[in-house]
Amino acid sequence: MSEKYPLNVPTPTHFTYVVKDLPKVTVEEREKALKATHYNEFAFPSGLLTIDMLSDSGTTAMTNTQWASLFLGDEAYGRNTGYYVLLDTFRDIFERGGEKNWKKTLDLVRTDCRDVEKMMNEVYLCEYEGGLFNGGAAQMERPNSFIIQQGRAAESVLMEIVKNILTERHPGKVFTIPSNGHFDTTEGNIKQMGSIPRNLYNKKLLYEIPEGGKYDKNPFKGNMDLEKLEELINGVGVQNVPLIFMCITNNTVCGQPVSMANIREVNKIAHKYNIPLIFDVARWAENSYFIKMNEEGYEDKSIAEIASEMFSYCDGFCMSAKKDGHANMGGMLAFRDKGLFWQKFSDFNEDGSMKMDVGVRLKVKQISCYGNDSYGGMSGHDIMALAVGLYESCDFNYMDSRVKQVEYLAQGFFKAGVKGVVLPAGGHAVYINMDEFFDGKRGHDTFAGQGFSLELIRRYGIRVAELGDFSMEYDLKTPEQQAELANVVRFAIDRSRLSQEHLDYVIAAVKALYEDRESIPNMRILWGKNLPMRHFHAFLEPYKNEEK
Ligand SMILES: *Cc1c(COP(=O)(O)O)cnc(C)c1O
């Protein structure tokens, strides 16, 4: 907004010049497709949708600068140029706070620097150690950062190696891994390693609705409940908690942000008990924006400065780089050089010398599944688009318009009288609490949130994600885990793809569906009830509310 001649509407921050036309599809045609795909919304053809809000994962519209960067992609098999660019981009944002040398490596490559000595000294042979992204010989001697093409693959590599190490040391033991909110794939990966995931947040605060639908300052509903965390560690025993996870922003807990104060406290607790703290950071940039706008002492700091402080508190992280508008593909796994994770999971000889470095074990897994450490499942051009996208996520104007667009949708639902909207909106999506939407009338065995999602597809061609009783497996959980489950559906908004026109259509559709909520069918699972991450593959069937 111009300060001199203020208007009461936001100033546009971008425009679009590639257009995707949509076909006109009838309700009957969508109904036919729903039946043919066993009412599994992941299997519904996107070509039949009007608006797809299933996920913001990799669905981002790229900027013209990102598209241009594809041509700079180096597809070499060993140490492609993008490898250096990407690791230095991460150092710039996660470690150097955007201070000096911002984008130096990227710009040397963008301007096709031919000064060989400069490239050798400042890019190819540069040594880094002690942080999250070793470089040069240090990355070979103590590998600690692994490009992996997406978040869940990074999780899976981490969990498998951690599981192998724990099994060698303590065969048969069951471990608990707490988080402020495990994402569905994180939870799936933890369960597949035989451990118990726990979600420690404040559910009462999550569902609190402020007067008029607005808080003065964002209350950071994604925070870890510190008391519950200490209780859990002492309850199951510190030796049975190998890692503490922290999801930033907290996707499962309605995309809500986490405060810097909370991150700092979790780090203190983790280190008091000598447990490595691992971040799950798909949306670190949004979270940094929320801290800047709502937490005292951060108003004058940049997104990169805030990100650097945030990352100083972790011992390692898994990252999906497909969110926050970074790129269509990308991910990262990293841990602090010689930090707590490395100390706890490496094997040392009695004289203190290294027997087996956990980084080497992770690298073996990375190589056997995703290719070598220079690209980890990504093409050279994807790596370049990601580096550019990471820098763009640090742009305040972009993040500001993104978060405000999400809030526009949440307020639209609220003003339309839809019950159960989680307020304030998260950074990437709006969530609706299905227990409240259905006036508490539908039991946990009805999977009514999934009924809602499928009915939204059938009537209006809008696809959203159920992240409640069905996807988060209410029926397969212990009572204490059940109490930690938020029965929600998620309307994800990806970068710069949807306009206000789309959001107004979604608001009108949800309002209409809310007013006719009695007619939304329940769902039963016909096949795949016990499969890991069943929502990606189970078969469902609608049934009338009166039937059982
Ligand atoms: C999306 C996401 C993941 C998984 O990442 P992918 O890149 O989709 O595999 C993990 N954690 C969180 C918090 C996410 O939002």
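Refer to the structure printed above.
Attention here is on the structure that accompanies the text. Predicted model only: the values in this text are computed from it and were never measured. (Residues numbered from 1 in each chain as written. Predicted model: local features only at pLDDT ≥ 70, side-chain atom pairs only at ≥ 80, totals over all residues. Heavy atoms only, no water.)

## What to know about helix α3 (residues 81-94)
Item 1. When the terminal C-alpha atoms of α3 are compared, their 20 Å separation across 14 residues agrees well with the 20 Å that a helix rising 1.5 Å per residue should span.
Item 2. Two or three places before Gly82, at the start of α3, stands the capping residue Asn80, its side-chain oxygen 3.0 Å from that residue's backbone nitrogen. (Helix = DSSP H or I, 4+ residues; strand = E, 2+ residues; numbered from the N terminus. Expected span 1.5 Å × (residues − 1). Polar contact = N/O pair within 3.5 Å; in protein donor to acceptor, adjacent residues only side chain to side chain.)

## Here we look at the nonpolar core
Item 1. Grouped together as the largest cluster of nonpolar side chains are 70 residues, with contacts concentrated most on Phe94, Ile244, Phe279, Trp284, Phe311, Phe317 and Met319.
Item 2. Ranked by the residues each element gives to this core, the list is headed by α3, at eight residues.
Item 3. Beyond its immediate stretch of four places on either side in the chain, Phe94 contacts Phe133, Trp284, Ala307, Ser308, Phe311, Phe317 and Met319.
Item 4. Listed in part, the 33 residues of the second largest apolar core include Val406, Ile462, Ala509 and Leu513. (Core = buried A, V, L, I, M, F, W, Y, C linked by side-chain atoms within 4.5 Å. Buried < 20%, exposed > 50% of the residue type's maximum accessible area, 1.4 Å probe, protein only. Contact = heavy atoms within 4.5 Å.)

## Re the environment of Arg458
Item 1. Looking at where Arg458 falls in the secondary structure, it is placed in helix α19 (residues 448-460).
Item 2. Ignoring anything within four residues of it in the chain, the contact list for Arg458 reads Val27, Arg30, Glu31 and Leu34.
Item 3. For Arg458, the side chain forms a polar contact with the side chain of Glu455, separated by 2.9 Å.

## A word on unusual backbone geometry
Item 1. The amide bond that connects Ile248 to the next residue, Thr249, takes the cis arrangement and shows omega of -15 degrees.
Item 2. Inspection of the secondary structure assignment puts Thr249 in the loop between β5 (244-247) and α11 (260-272).
Item 3. The omega torsion across Leu423 and Pro424 is -10 degrees, close enough to zero to call that bond cis.
Item 4. When you line up the elements, Pro424 lands in the loop between α17 (396-415) and β11 (429-433).
Item 5. Unusually for a residue other than glycine, Tyr39 sits at a positive phi of about 50 degrees.
Item 6. The residue Tyr39 is located in the loop between α1 (27-36) and β1 (51-52) in this model.
Item 7. Residue classification places Tyr39 among the buried residues on the basis of a relative accessible area of 15%.
Item 8. One non-glycine residue, Arg79, lies in positive phi territory at about 40 degrees.
Item 9. Along the chain, the position of Arg79 falls in the loop between α2 (64-69) and α3.
Item 10. Here Arg79 falls in the partly exposed class, since its relative accessible area comes to 27%.

## Thoughts on the packing of helix α7 (residues 151-169) against helix α15 (residues 358-370)
Item 1. The N-to-C vectors of α7 and α15 enclose an angle of 130 degrees; their axes lie 10 Å apart at closest approach. When the axes of α7 and α15 are compared, the pair comes out oblique. Note on packing geometry: the crossing formed by α7 with α15 is right-handed. Contacts between α7 and α15 involve Ala153, Val157, Leu158, Glu160, Ile161, Asn164, Ile165 and Glu168 on the former and, on the latter, Val358, Arg361, Leu362, Lys365 and Tyr370.
Item 2. The class makeup of the residues in the contact of α7 with α15 is eight nonpolar, one polar and four charged. (Axes fitted to C-alpha atoms, helices over the stretch in contact; angles between N-to-C directions. Parallel < 35°, antiparallel > 145°, perpendicular 65-115°, else oblique. Left-handed = near helix turned anticlockwise from the far one by under 90°. Nonpolar A, V, L, I, M, F, W, Y, C, P; charged D, E, K, R; others polar.)

## Focus: the pairing of strand β7 (residues 316-320)
Item 1. Most of β7 sits inside the fold, with five of its five residues counted as buried.
Item 2. Of the two faces of β7, the one lined by Gly316, Cys318 and Ser320 and the one lined by Phe317 and Met319 are each fully buried.
Item 3. Relative to β7, strand β6 (residues 277-280) runs parallel, the two sharing three bridges. Directly across from Ile278, in β7, lies its bridge partner Gly316.
Item 4. Sheet analysis places β7 next to strand β8 (residues 331-335), joined by five bridges and oriented antiparallel. Paired with Met319 across the bridge in β8 is Met332. (Pairing = 2+ DSSP bridges.)

## Quick look at the pattern of salt bridges
Oppositely charged side chains may form a pair once their charged atoms are brought near each other.
Item 1. In this structure the tally under the stated criterion is 40 salt bridges.
Item 2. The closest approach of N and O atoms between Asp373 and Arg79, which form a salt bridge, is 3.3 Å. Pair noted here: Asp373 is in the loop between α15 and α16 (380-392) and Arg79 is in the loop between α2 and α3, with a separation of 294 residues, a long-range link.
Item 3. What you see here is one network of salt bridges that share partners, running through Glu31, Glu455, Arg458, Arg459 and Asp516. (Salt bridge = Lys/Arg side-chain N within 4 Å of Asp/Glu carboxyl O.)

## Regarding the sheet that holds β5
Item 1. The five strands are arranged β2-β8-β7-β6-β5 in an open sheet whose pairing can be described as mixed. Both edges of this open sheet fall to β2 (145-147) and β5, since each of them pairs with a single strand only. Taken over all neighbouring pairs, the strand axes of this sheet differ in orientation by 15 degrees on average, direction set aside.

Nothing here speaks to function; it is geometry throughout.
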